[in-house]
Every structure is written in structure tokens, then in C-alpha cells.
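A structural walkthrough
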Amino acid sequence: MDISLNVNGSDRQFSAEPGELLVERLRDGLGLTGTKVGCDTGQCGTCVVRLDGRSVKSCLVLTASAAGSEVTTVEGLTPPGGELTGLQEALRQEHGTQCGFCTPGMVMALGELVDKAAQEGTAPTEPEIREWLTGNLCRCTGYHSVVRGVQRACAASAAGRQDG
Amino acid sequence: MILTELDYVRPAGLDEALALLAGTRGARVLAGGQSLLPDLRSGADTARLLIDVRRLAELRGITRTGTGELRIGAATPLADLAADPEVLARAPELAAAARANGDPQVRNLGTAGGNLLAAGRPTDLPVAAIAAGARVELAGPGGRRTATAEELAAAGAPPGSILTALLVPATGPAAAFEKTADRATRYPVCAAAVRITADGVRVAVTGATARALRLRDVERRLAAGGDHSTEAVLAAFRAEPRSLFVPGPGTSAEYLGHLAGVLTARALARAAASA
Amino acid sequence: MTAPTGEHRVLGQPLDSREDPQLLRGEATYVADIDLPGTAHMAILGSTHAHARILDIGTKAAEAMPGVLKVATAQDFADVMPLPCIWIPGGVESHFPPHPYGLPGARPVLTGDTVRHVGDPIAVVVAETPREAAAALAALHVEYEPLPVVTRADEALAPGAPQLHEAVPGNLNAYWTCGDKDRTDAAIAAAEVTVELDLVNQRTVNSPIEPRGAVGHYDPATGDYTLYASTQGPHNHRFLLSALVLGIPFNKLRVIAPTVGGSFGTKGYLYPDMALVLLLSKELGRPVKWVDTRTGLMNSTVQGRDHRQHVTLAGTRDGRITAVRCTSWANLGAYPSTIGPGVATALMGRSITGMYQIDAAFCEVHAAFTNTVPLGAQRGSGRAEAAFLMERLVDRYAAEIGMDPAEVRRRNLVPAEKFPYANGLGWTYDSGNYRENFDKALELAGYADMPARKAEARTRGKRLGVGLATYVAVCGVGPSTRMSQEGMLGGTWESANIRVHPTGEVAVTVGSASTGQSHHTVFAQVAADEFGIDPAQVRVYQGDTLKAPYGQGTYGSRSYSMAAPAVALTARKIKAKMVRAGAVFLGVPEDRVVYADGRIHEAGNPANAKTFAELAMAMWYGWGLPPQIEPALDETTHFDPPDFNYPFGTHVAVVEVDELTGETEVVAYTAVDDAGNIGNPAIVRGQIEGSILHGLGQALMEAAVYDAEGRLLTSDLTRYALPRATDAPFFLLDKTVTPSPHNPLGAKGAGEIATVPPAAAVTNAVVDALSDLGVQHIDMPLTPEKVWRRLRGEDDQ
């Protein structure tokens, strides 16, 4: 079927099988391999992208069902080699990634939390950050450095609001 | 990867969706897809046609009805349900159950209706809907009708029908939801929801049982004793037949019956405290 | 050679990991992201039976499916040799041929006659797309004749048990011992007090978040094979595949490890898919790609732990341990994996005395084949199993004699003045100050306050328990000769090359390959520190056998104590050459040339100097050098240490057990680890935090469960629980620093060491919480119902 989808700000038209998963389109069809596949059941969270602003698991969305929506993948956050987003920079400073395989999914999932906090002018508590991370599995870090990264990102964002 | 051949259609309205559902063998309603897609991937579900109702305006939104109920559109994402101020104030067990589901990404796509109908999966919403005394609105070839959440949990949606809304009595805050999550799936090993009303308490459990169930005998025992202490609640559960509780991986019926009692006692304590 | 000095000291600093930006942007290339032109896609059919004869594999329907290029079964690869096991318990008698490669029972690339575990690969399909390959795979029809199944090591060794391999009578891979049996038996017989436990150290699955994958590319123009694979050891895989499996010239195979998404032991092994993609690429004339699924990983990638043990400790009434004995039944799975038998024997057995000075110790291991996925390393492998049994025994002993478990441990720690210390089981601990480490951990954890905290918890319906676990983790594999005595078929040294470019930039190339340990950052720090230059001038290369000097890879926490010393020694060689050549450029005798802070100068005359970049350019030109000094700055070091290194530590777990539900929550976790001199504290902190949570996973939730038919019931992440962010308790971390004398950096292993004690610490804590009920042991994972039954006074079922 013919599908039109806005991916990272560009309108894309293509033909897809009705049973195609969004993650298959992103990785295999559009070459956006920053989105990963780590399980077969929707548990690992390495495939998380933003769909009309909300973080979703792209292995649990049909491409057809996403048609007409705006999809943002990790590649859409910053140009290749470009400046990191506030969240990415904070995660870098806290060494919130080791092997990196779960990282793009975490960045996309946590991006929604950090954006929400910025919009509401609040900062999530540590339990809230940890709960928000329950859709992302990581075997390397033990999550602590990731949590510190989110806290740093929210603090930087709050400081930015005050300066502004 | 979904290996079965299937078609996908996004109807313009509810009537078109109902017509497609009636006229196509192997047709299934797709909303958030957070249960259906894993089943399609594993081959557990072999739907031939997916009718995507996620964007249907008739199925979205949370409103207060003239009769004082909250009407929750079936395609409302769980995340919206969990964060809605009216739901939080008037049906806190429902908000808590919505929030207890899966993880943020599942809640962003997963819908109220899908959660109520996820056959074979011990999702969180049905037990809260039962305790709340909620009804559901079903649209079918013969028109619209309502059923209780309890009836829906027992029998599912009739063939050819589409769940359009959940109708929840907005009675106030004297309600609570408690859950022990399975570490792998995040589904409840056991979840309990209670609501304290003028007529007494309503108690429902899931996970530990074959499906979400209202436990009227437990309610009666609690009413008779007039005692909601942990010991009294545990005793009320011990009097249930053991066969009510279905063993899972690493959990016996005996333990599940006990756990259901503990969670119910905790829910009752919290509901009483917030009343 | 002088140690580095001056303002450029960057080693030991928490420099930001330079890998991170690329990872955070999703730009790193993992094997699944490789897309060579013309790639065909392979899918592997695993057996659905744990033990069966294959009567027939019907391939016709699959062959006729759209896009299918090839369907292959075992008979297509009759000339290919089985996958070798290179760790033979008990040692290797000669390092000249013939070698016992292909240990009896070695696995073929595809199994033809008898399958021995669910997931045993029996056929492959190659098609134009992954979907077509998967669809055709489903069309293969296999007829099995089921055979009796055995999944436990002790049962596999019993008379009448199902036999897995004709060449392995009784399913026994090895009966292996260490220590002094007679002395230990006598000490136990004469002891004032003995305690015994029967333990199950359950099987677990490493579960890196990236499943394995492989891309094979055969170039018919040159006859060269290239393998891209998620591997911990590209050089090892090159050697084993070319010389021992495929029978192709070593010169014709190149192995490239792209970015690897975690491994924890599993990706250092040789797997059938690696050979298959190369063979099929040659046959089809196209690159062939295979990427595993999670369920596939669960049924094919090596699993960990899996010992059943009877253990005994003897001691005096006043708390002195006099003997320890362990009899273990180790489950190797269906085939000997690349180094699995060594993990199950020496790594565990020689480690059981841990931090304690014990006069008599003995360990025997019965390593058996069963109808389960082959066993291999798992983060902390062998040493975690050893710490578990020892630390459980110490607590049991403390309870028996009515002494505080901390005091029992203190009385038995190897004293600081005893190093180097031979533990009587084959390890000689290099250095340590165990008492300092132990006391620091208890102080940090607030051990003295625990009685008050226990009383407070009871008012909330919680039973608070505190559990101690100490450990010594042999690391830095290793001294090659010593490893040969353990039965390792191959050198285990490590190497590094440094090239100083004409511009003064530096290229460091290491044989080791990262699976998430920030090699690019740390090795640059080591080189920059030695040279006294800005780390930004240094670039690190790894992971490609064409470019990298030989090395064994990243496993056993070895890269910082094996590859980093090779980097440091190579930098020192280059500095020495700079000094020799500098004598010419400065016009002074060599003994008047000083190297400091990235430049050379004449002693006492700092104005007569050349910068690092000036020297680099001068050596690139090579003008005016005497015949004994070659131009260019390009050196390699192969580092083979005199012995292993032995990091150690003390962990304290505090748990709260819910009196009503039996749920266990780890409410605080303190770890004081000693990894010698640390190169980058931020990176080591990350390794420690991740390791602890991995260990807590085994204690609380992880278990690979097989049913009686040998089917893995926990075959995906809806059934095999991994710890999530909400499961990670509050960590209090600190360190002590006892440098190792066995390498020039004073480094010890760090990557996995903190996985060693958590299972013991948490189990000790839960048993402590229930001790007034007479509970002496609970098997992991400590699930709520198990604990609840103990709360009610029931025994294990």
C-alpha cells in the first residue's frame, strides 16, 4: 500500500506491505539504523522513536498505522556529527552509555520526559525517572549513570529557563 | 517481523469500521496494537484484516456525561487516562491501573479499549473498571448497547462489535489499586482494585485468577465482619476456593490467594485513607 | 624507564568517554547495521527437540519459495571441521601437534544425525530478504525420532542416563580437581565445627541487549574472506575459523568487529553462524548476512553458571576456618563451547578460598554434557560461583558458632604481610590489603547501625537483613605458560602498536576489541600520559585483524591490565628511541638527553630542546640518523605478564523482606572494590555499577529454566526477567588501591569483578533477615513465594 510519512522533518512516500513494522521501514527501508532491534516481544526498548511527539516502540507499530504521522528517530535530533541535544550532552557528561546499543532508544524515550519537564517547568524525581526507564533494558550501565544524566539535563534546562 | 499475509484499512468512521468487521473473515480491530502486534509477530494471532480505529474521533476523549459518569473513549491512550485530572480525582483506581500498565511507551500507544479487551493477557484496567462498577459501550451491527465491565471481562466483546467507550461512575476518591508486577512482562502477578461505596466495598482481582473477577463472597465476608484489617481480609480470601487462583511460573495457587488478600487489604487501607 | 611526570598527567582522570557522542547520536555501526551491496540473508533452523535423531529434513517446499537462493543441511558441509574447544581442563601436555582440538563431542557447523539441544542448528536458508528467508525456514519439514533427555549434570552422570555423544562415555567431559584432598578430608574429620550446604548456582543467560550477528563476504577476485561479526576476539576467531574449521589460509581471512552491543562473555565464542556465512558467501558469490533474534539468542548463545554443589567448611569454635571442600556437578550443555570447560573448572575451583587464609582446601568438579544450550562465560564467570559457595559457608559457619559474620571474616582474611600469597588451590595472589578494604566497606555501609535499623524495619512490617560478601577475582588472562598448564590451547598475551605520525599525532592500535569498555578513551589516556601529550592527539584503532596487532580480545576483565600495559610499554620504547635520536638532534651525548612533558631537552639546558612534533617530523624524514637508529617512530609490544592479577573487594547488601508477601527489596548496596591503579574512574564506575546490577539479577530474578523435555521455558524477555531501572537500588561505592606488581601500570581487572559478590551478598542478607526462623539457605533466584514459604516455616519444595 502507498504510505506517506514525515520522518525527521521530511515527507517520505513509499509503498509498504500492510504487515510491515515501523522499525523495519526505518532501518531497512529508510536506512535509519540508529533505531535498533534487541528482542522480538516489545520488551527491550532499543527501537523507541517519537510518533507525533510521543515515545513509542517502533516494533509495536505498523508502518501503515503510522502513516500521516510525524516520526522522529535519533538521527532527527541532530545532524551527523552535529551538536548534541541537552539530554545527549548530559548523558555524555555522566557516561550514560557503554556499549551504546540501548542508547538511541533511551535517548528517544527520555527525550519525552525531559521535554515534558521543560514545558511544565518541573524536574522529575529520581523514582519518576526510573519508572520512565522501565521500557528500556540496559545490561551495561546498571542505569545509574543514565539517571544522573537525566537529572543533569533537567537541571541544565531549568538553569537555562532562569537565565532566559 | 509479521509473517502472515494481512490487509490494513483505516475506516473513516465507526459505521464503516463495523461494516468491514461484519463483512470480512479474519478481521480484527486494531487500536494501540500493544497486545495485538506481539501476537501477530509470534503467530499467536493470524488476523487477515486489521481495522485501525485508533484515530476515530468517536472513540477518543474523556468527558463528563449528564448522569455524572466519566465517558472514556475506547481509543484514549492509557497515558492520557492515567494523567487526566478528572479521572485522578473521581476514579483514582482507574488512573492508577492505567499508569501501572507496561511502560511509558506502551501507555502512549495502548488504549483503554485495547486494555479492557486484551484477551488472554492479565492487563490492569479490567480489574479497576470492575471495582469502579463501570460499564462499557459497545457498537455492533444491531446498534449500541452497554454491558458491565464485569460482563465484558467474563465474555469479551460480542463478535462483530466494537468497544467504543468506558463509562465510569465518578463517585470520588475512596478507591485504590494495588499491584505486584511480573518482573519480565510487567503484567500483574496479582492486582487488586477496591472501591468503597455507600453500599459497601467492591473488590476485584486479576493476575492471580483466570481473568479479572469481582469477588462478591469476599465482599460479603468483609461486610459481615465489618473489619477491614489485614488479618480480616486475609481470612476472607482464605475462605475462597483454592481453585479460584491459577498457578503461574513460580507461584502456587496458595500463594496467589494470599497475595490477592494482601494487595486487597493494602488497597482498602489506602482507599479508606483517601475517602 | 622513568614514570611519566608533569602537568599532562591524564591517567587516573575521569576523562569523558570519546565513544559516547557517536553512540548517543545512534551513529555507531553494529553488525546488524552493515549493508553491503548485494547482500543475501541467512536464517538458521534450530532443532525443536532437545535430543532426537533426525530422520529427514524436507527442503523441497522451502527451495521453491520466493527469493530463496539456497537451502543447506549438514551434508552440504561434510568437509568442514567441528568447532574446536580450546580450553581442556587439566592442562595440555604438549604445545606441539597433535593437539586435542575438536575435543570429543565438538559441535559441527550444522548437526546432521542427532540433535542435542533445542536450538541445535540443523539447516539454513539463504534468500534475497530476511522475510523471505524466515518464510522459507518455516516451510522446512523435519522428521525427528525423539530420544530420552537429560538436563542436569548430576543426572547426566548417573548410570542409565541418556548418552549424548558416542565419543564421550557417561557424558563426562572432565573430572577435575585442585587442592589437597587428603589434608582437607583430615582437617574436616578433626574439626571442632563443620557446616555443610547443598547449593544450586542456577543457570543464567548473559543477555547482551544486542543479539549476535555475522556478515560473510567472499571476494572471488582475490579469494579473500571477510567476516564482520559481533565478537569479543577478532584475532581468535580468525585463527580458529581459518586454521581449524574452514581449512583456508590464515592469510585469506579478515575478521572485523564493528561496534559490539555488549557481550559479558558470550561473544568470545565460536559459533556455527560465523563459519556458515563465509561458506555460503563463497558458494553464492554474494555477501551473506545473519542477525539473531532474542529467542534465537536464548537457544544458541552460551549460557552461564549452572553448578550443583555440596560444600563443607570446617573451623574452630573461636572462628578460625581450617578447611573448605567443594564437590561440584557442572553442566556444560550439549557441546564443549570454545572455552566453557575451563570456566566450569579452574576459574571456579581455584577461586573458592577467596580472601581467606585456609590451611586445607580441595575442589572437585564433575563436568558433564546435557541436553541444554552449551555453557560458557558469564560476567564474573567461575569466580562468582566460587564466591557464592564460600560466602554462604562463612555465614553458615558464623551462625553455627554464634559469632558476628563480620568478625569471622576479619579473623580469616589473608594478612597484608603475606603477599604474594599462594591459596593452596593454584592461584598466587599478587597483592592485597584485605583488612583495609573490608573495614572500609563495613564503615561505609554503616554495619554497626544495623541492629537499630532492623528494629525500625520491623515496625513497618519489614524484616531487614544485612549480607556481606568478599571476593578475590583472578583476572588478567593471562600468563601464557600458566594458561597452558590450565589447558588453554593458545597464547593469551596481548599487544599494542604505536605509530607517531609526522605531525606528532599518535595512532595506538590494540589487539583487544571493545564491547562497551571505552577503549578509544582509555588507551588514548595511557599513551598520552606516557608521552606527556594531550590525549586529543591520540587516536585508537581496534577490532580489525588486518590493522591490529595480534591480541586475544576483551574478556575476563583483561583489557586494562593486559592491553593497556602493552600500550604503556610501547610508548616507553618510542620515548627511548626519541632520546637516542634526540642526542643527535640536540648535539649532546645520550645520557644528557631528558624526556619530559612531551619534549626532549638537554639536561640543565631547557632551551636546547625539541618538541614531540618536531621529533616526529625529524624521525619521519630520517635525516642524519646514525646507522643503528632506524627512521620513523613505530613500535609494537607483545605483553605476557609473569602471572595473573587479583582484584578483590567487599560488598554489603541491605535487604528488606516484606513479612506478608515475601518480596525482597535491596534497599542499599555498598561496594568497595580494589582494581589496583585505575585508568579512568568514570568508566570504571560505570563498569562496577552495571556489574553489581547484573549480579543482583541472578540473586533476585534471573533463571534459565528447562522443562523435562529440555525446552527452555524462559526463551524470551517476557519470560526471562532482566533488572530494570526500578530494580537498581541505592549504591554506595568506594575503592581501595593496591597496585598489581605484574604489569607496569599496577592495574588489575575491573570490568566484571563487581558481578562476583552480589549474589552471595544478597542471599546472605535474605537469610540473615530470616535467621530467627531457623533458615539456613535459600536457593536463587530469591522469588517472593520461596521467601514467603520460609517466613511461614516451610522448607524448600
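Residues numbered from 1 in each chain as written. Chains lettered and ligands numbered in written order. Predicted model: local features only at pLDDT ≥ 70, side-chain atom pairs only at ≥ 80, totals over all residues. Heavy atoms only, no water.

The next point concerns the overall build of chain C. Along chain C, the regular secondary structure elements total 20 helices and 28 strands. Relative to the globule expectation of 28 Å for 797 residues, the C-alpha radius of gyration of chain C, 27 Å, shows essentially globular dimensions. Overall, chain C is about 85 × 70 × 50 Å in size when its C-alpha atoms are taken along their principal axes. Buried residues in chain C amount to 64% of all 797 residues. Taken as two groups, the 67 positive and 89 negative side-chain charges of chain C have centres that lie 1 Å from each other. (Helix = DSSP H or I, 4+ residues; strand = E, 2+ residues; numbered from the N terminus. Rg over C-alpha atoms; globule rule 2.2 N^0.38 Å. Buried < 20%, exposed > 50% of the residue type's maximum accessible area, 1.4 Å probe, protein only. Lys, Arg positive; Asp, Glu negative; His and termini not counted. Charge placed at Lys NZ, Arg CZ, Asp CG, Glu CD.)

Counting residues at the interface gives 48 residues for chain A and 53 residues for chain C. Summed over the shared surface of chain A and chain C, the result is six salt bridges. Across the pair Arg-131 of chain C and Glu-24 of chain A runs a salt bridge, and its minimum N-O distance is 3.3 Å. When residues of the side of chain A that touches chain C are traced back to their parent elements, those giving at least two are α1 (22–29), α3 (86–93), α4 (103–120), α5 (126–132) and α6 (144–163) of chain A. Looking at the side of chain A that touches chain C residue by residue, the class counts come to 17 nonpolar, 22 polar and nine charged. (Contact = heavy atoms within 4.5 Å. Salt bridge = Lys/Arg side-chain N within 4 Å of Asp/Glu carboxyl O. Nonpolar A, V, L, I, M, F, W, Y, C, P; charged D, E, K, R; others polar.)

For any pair of aromatic rings, geometry is given as the distance between the ring centres together with the angle between the planes. Residues and elements named next belong to chain C. For the coordinates displayed, the defined rule picks out 16 aromatic pairs over all chains. Centre to centre, the rings of Trp-427 and Phe-644 are 5.3 Å apart; their planes meet at 75°, and the pair counts as edge-to-face. With Trp-427 in the loop between β16 (421–422) and β17 (428–429) and Phe-644 in the loop between β25 (633–639) and β26 (648–658), this pair connects stretches of sequence that are 217 residues apart. Within the aromatic cluster, the residues linked to one another by ring pairs are Phe-419, Tyr-421, Trp-427, Tyr-429, Tyr-434, Phe-644, Tyr-646 and Phe-648. (Phe/Tyr/Trp six-rings, centres within 6.5 Å; stacked < 30°, edge-to-face > 60°.)

Glancing now at helix α11 (residues 405–412) of chain C. All names here are of chain C. Here α11 has its buried residues at Ala-406, Val-408, Arg-409 and Asn-412. When α11 is viewed along its axis, its buried side chains cluster within an angular range of 160° and face the same direction. Looking at the buried positions of α11, the neighbouring elements they touch are β14 (321–331), α10 (383–401), α12 (434–445), β18 (462–472) and α19 (758–769). A distance of 2.8 Å separates the backbone nitrogen of Ala-406 from a side-chain oxygen at the start of α11, and that oxygen is part of Asp-404. (Arc of directions from axis to C-beta. Polar contact = N/O pair within 3.5 Å; in protein donor to acceptor, adjacent residues only side chain to side chain.)

Okay, the interface of chain B and chain C next. Contacts between the two partners involve 20 residues from chain B and, on the opposite side, 24 residues from chain C. Taken together, the two surfaces of chain B and chain C that pack against each other cover about 1700 Å², and 52% of this comes from carbon and sulfur. Considering only the surface of chain B that becomes buried against chain C, Arg-183, Ala-184 and Tyr-255 of chain B emerge as the three largest contributors, covering 37% of it. Scanning the region where chain B abuts chain C turns up four salt bridges. Across the pair Asp-727 of chain C and Arg-183 of chain B runs a salt bridge whose closest N-O atoms are separated by 2.8 Å. Elements supplying a minimum of two residues to the side of chain B that touches chain C: α11 (230–238) and α12 (253–274) of chain B. (Buried area = accessible area lost by both parts, 1.4 Å probe.)

Residue and element names in this part refer to chain C. Side chains Val-593 and Tyr-595 of strand β22 (residues 593–596) all project onto a buried face; the interleaved residues Val-594 and Ala-596 project onto a face where none is buried. The pairing of β22 with strand β23 (residues 599–602) spans four bridges and is antiparallel. From the neighbouring strand, Tyr-595 faces β23, where its bridge partner is Ile-600. (Pairing = 2+ DSSP bridges.)

A few words on the side chain of Asn-115 of chain B. If you trace the backbone, Asn-115 of chain B turns up in helix α7 (residues 112–117). Dropping the residues within four chain positions of it, Asn-115 of chain B is found in contact with Leu-78, Asn-101, Thr-123, Asp-124, Leu-125 and Pro-126 of chain B.

This paragraph deals with the UniProt feature "domain: FAD-binding PCMH-type" (unreviewed entry) in chain B. When the UniProt feature table is mapped onto this chain, "domain: FAD-binding PCMH-type" (unreviewed entry) is found at residues 1–173 of chain B. Taken end to end, residues 1–173 of chain B has its terminal C-alpha atoms 44 Å apart, with 37% of it in helix and 23% in strand. (UniProt positions renumbered as here; feature names shortened; annotations may be inferred.)

Cis rather than trans, the peptide bond between Val-477 of chain C and Gly-478 of chain C has omega equal to -20°. With respect to the helices and strands, the residue Gly-478 of chain C is situated in the loop between β18 and α14 (480–486). In the segment running from Met-780 of chain C into Pro-781 of chain C, the intervening peptide bond is cis, with an omega of -10°. One can find Pro-781 of chain C in the loop between α19 and α20 (784–791). Although it is not a glycine, Arg-186 of chain B adopts a positive phi angle of roughly 75°. When you line up the elements, Arg-186 of chain B lands in the loop between β9 (175–181) and β10 (188–197). In this structure, Asn-171 of chain C takes a positive phi of about 65° despite not being glycine. Within the secondary structure layout, Asn-171 of chain C lies in the loop between α4 (153–156) and β7 (172–179).

Moving on: the sheet that holds strand β11 (residues 253–256) of chain C. Residues and elements named next belong to chain C. Pairing in this open sheet of seven strands is mixed, and the strands run β3-β5-β1-β12-β9-β10-β11 from one edge to the other. The sheet is open, and its two edges are formed by β3 (68–73) and β11, each paired on a single side. Taking the axes of each pair of neighbouring strands and ignoring which way they run, one obtains an average angle of 20° across the sheet. As defined by bridge partners, β3 adjoins strand β5 (residues 121–127) across five bridges and the pair is classed as antiparallel. (Axes fitted to C-alpha atoms, helices over the stretch in contact; angles between N-to-C directions.)

Next up on the list: the pattern of salt bridges. Applying the stated criterion across every chain, the model contains 82 salt bridges over all chains. Between Arg-410 of chain C and Glu-407 of chain C there is a salt bridge; the shortest N-O distance is 3.3 Å. In this pair, Arg-410 of chain C and Glu-407 of chain C both sit in helix α11, three residues apart, roughly one turn of the helix. The exposure class of Arg-410 of chain C is partly exposed, given its relative accessible area of 23%. Classification of Glu-407 of chain C by relative accessible area gives partly exposed; the value is 26%. Through salt bridges with shared partners, one network takes in Glu-94, Arg-148 and Arg-152 of chain A together with Arg-685 and Glu-689 of chain C.

Residue and element names in this part refer to chain A. Read from one edge of the open sheet, five strands run β2-β1-β5-β3-β4, paired in mixed fashion. Taken across any chain shown, the strands that pair with only one partner, and hence form the sheet edges, are β2 (10–15) and β4 (54–57). Strand-to-strand, the axes of this sheet are offset by a mean angle of 40°, without reference to chain direction. Both strand β3 (residues 48–51) and strand β5 (residues 70–72) contribute to a ladder of two bridges, which runs antiparallel. By the bridge assignment, Leu-51 is partnered in β5 with Val-71.

Our next topic: the environment of Val-195 of chain C. Residue and element names in this part refer to chain C. Turning to its location among the elements, Val-195 is positioned in strand β8 (residues 193–204). Judged by its relative accessible area of 2%, Val-195 is buried. In this structure the C-alpha to C-alpha distance between Val-195 and Gly-649, which are 454 residues apart in sequence, comes to 25 Å. Not counting chain neighbours up to four residues away, the residues in contact with Val-195 comprise Val-311, Thr-312, Leu-313, Leu-393, Arg-396, Tyr-397 and Glu-400.

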